[in-house]
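# What the coordinates show
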Amino acid sequence: MKIDFTKSPDGLIPAIIQDANTKNVLMLGYMDQEAFDTTQKTQKVTFFSRSKQRLWTKGEESGNFLELVDIKSDCDNDTLLVSVNPVGPTCHKGTDTCWAEENTQTYGFLSTLEQIITSRKNDQENQDSYVASLFRKGINKIAQKVGEEAVETVIEAKDNDEELFLNESADLLFHYLILLQAKGYTLEDIVHTLQKRHK
């Protein structure tokens, strides 16, 4: 990796800090050659502080270190993407990120769908929704629906109608998300289980 620190008059280049697991951006700092070398040597992210005018290891006072996982440079070799495991909140104001956002794992639209299911489950004014009706019928009915959708998915997998297969797969996943919530779990719990197996 050839990093071009000479593109900036002060020898500093931006370092975007990203959580290695959630992929959320935590903060932006600046590194010079010495900060970069120190980061690699100590495996703790070190910046050049423009306010203090010295090297500054994130967490040196708070203990909220950024443990290095990986560093990549961009196509122009003048910006770094630093993948980390944060120890505690990243921002000096006590928040997970410097944008005051929670550093939580999301799974795109599947996370949105989980939130919709939770909302329908808890919405006392809209008990006529399909999701609310399933929760009212209880765990046996929800589990039965997952079983039915699984069988239909298997049947369509053996056929050549791709649209039907995808629709049945979507129905299966949707009802599985409902089952997870009925049991008090989320996708995050399943991901953690898979990660444990992977190790």
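Since the structure is predicted, the reported quantities are computational estimates derived from the model, not experimental observations.

## Points about a nonpolar patch on the surface
Taken together, the side chains of Val25, Leu28 and Trp99 make up a nonpolar region of the molecular surface, amounting to roughly 290 Å² of accessible area. By relative accessible area, Leu28 is classed as partly exposed at 43%.

## Some details on the layout of surface pockets
Estimated volume of the largest pocket: approximately 540 Å³. Residue lining of the largest pocket: 24 residues in total, with Met27, Phe47, Trp56, Lys58 and His92 positioned closest to the centre. Elements supplying a minimum of two residues to the lining of the largest pocket: strand S2 (25-31), strand S3 (46-49) and strand S4 (54-57). The element that contributes the greatest number of residues to the lining of the largest pocket is S2, accounting for four residues.

## A short note on the UniProt feature "domain: Phosphoribosyl-AMP cyclohydrolase" (unreviewed entry) in the protein
Per the UniProt record, the feature "domain: Phosphoribosyl-AMP cyclohydrolase" (unreviewed entry) sits at residues 27-99. End C-alpha atoms of residues 27-99 are separated by 8 Å, and the span's content is 14% helix alongside 38% strand.

## A short note on the packing of helix H4 (residues 139-157) against helix H5 (residues 162-182)
Helix packing for two helices is described by the angle between their axes and how far apart those axes are. Interhelical geometry of H4 versus H5 gives an angle of 155° and a closest axis separation of 8 Å. Classified by the interaxial angle, the pair formed by H4 and H5 is roughly antiparallel. In the crossing of H4 with H5, the sense of the turn from one axis to the other is left-handed. Between H4 and H5, the residues in contact are Ile139, Ile142, Ala143, Lys145, Val146, Glu149, Ala150, Glu152, Thr153, Glu156 and Ala157 and Leu164, Phe165, Glu168, Ser169, Asp171, Leu172, His175, Tyr176, Ile178, Leu179 and Ala182, respectively. Its residues placed into classes, the contact of H4 with H5 shows 13 nonpolar, three polar and six charged.

Scoring rules and cut-offs
- Residues numbered from 1 in each chain as written.
- Predicted model: local features only at pLDDT ≥ 70, side-chain atom pairs only at ≥ 80, totals over all residues.
- Heavy atoms only, no water.
- Patch = residues over 30% accessible without salt bridge, like charges linked within 9 Å, V, L, I, M, F, W, Y side chains within 5 Å.
- Areas by Shrake-Rupley, 256 points an atom, 1.4 Å probe, with all protein chains shown as cover.
- Salt bridge = Lys/Arg side-chain N within 4 Å of Asp/Glu carboxyl O.
- Buried < 20%, exposed > 50% of the residue type's maximum accessible area, 1.4 Å probe, protein only.
- 1 Å grid on protein atoms, 1.4 Å probe; cavity = no way out; pocket = protein on both sides within 12 Å on 5 of 7 lines; lining within 4 Å.
- Points joined across faces, edges and corners; volume = space filled by probe spheres on them.
- Helix = DSSP H or I, 4+ residues; strand = E, 2+ residues; numbered from the N terminus.
- UniProt positions renumbered as here; feature names shortened; annotations may be inferred.
- Axes fitted to C-alpha atoms, helices over the stretch in contact; angles between N-to-C directions.
- Parallel < 35°, antiparallel > 145°, perpendicular 65-115°, else oblique.
- Left-handed = near helix turned anticlockwise from the far one by under 90°.
- Contact = heavy atoms within 4.5 Å.
- Nonpolar A, V, L, I, M, F, W, Y, C, P; charged D, E, K, R; others polar.

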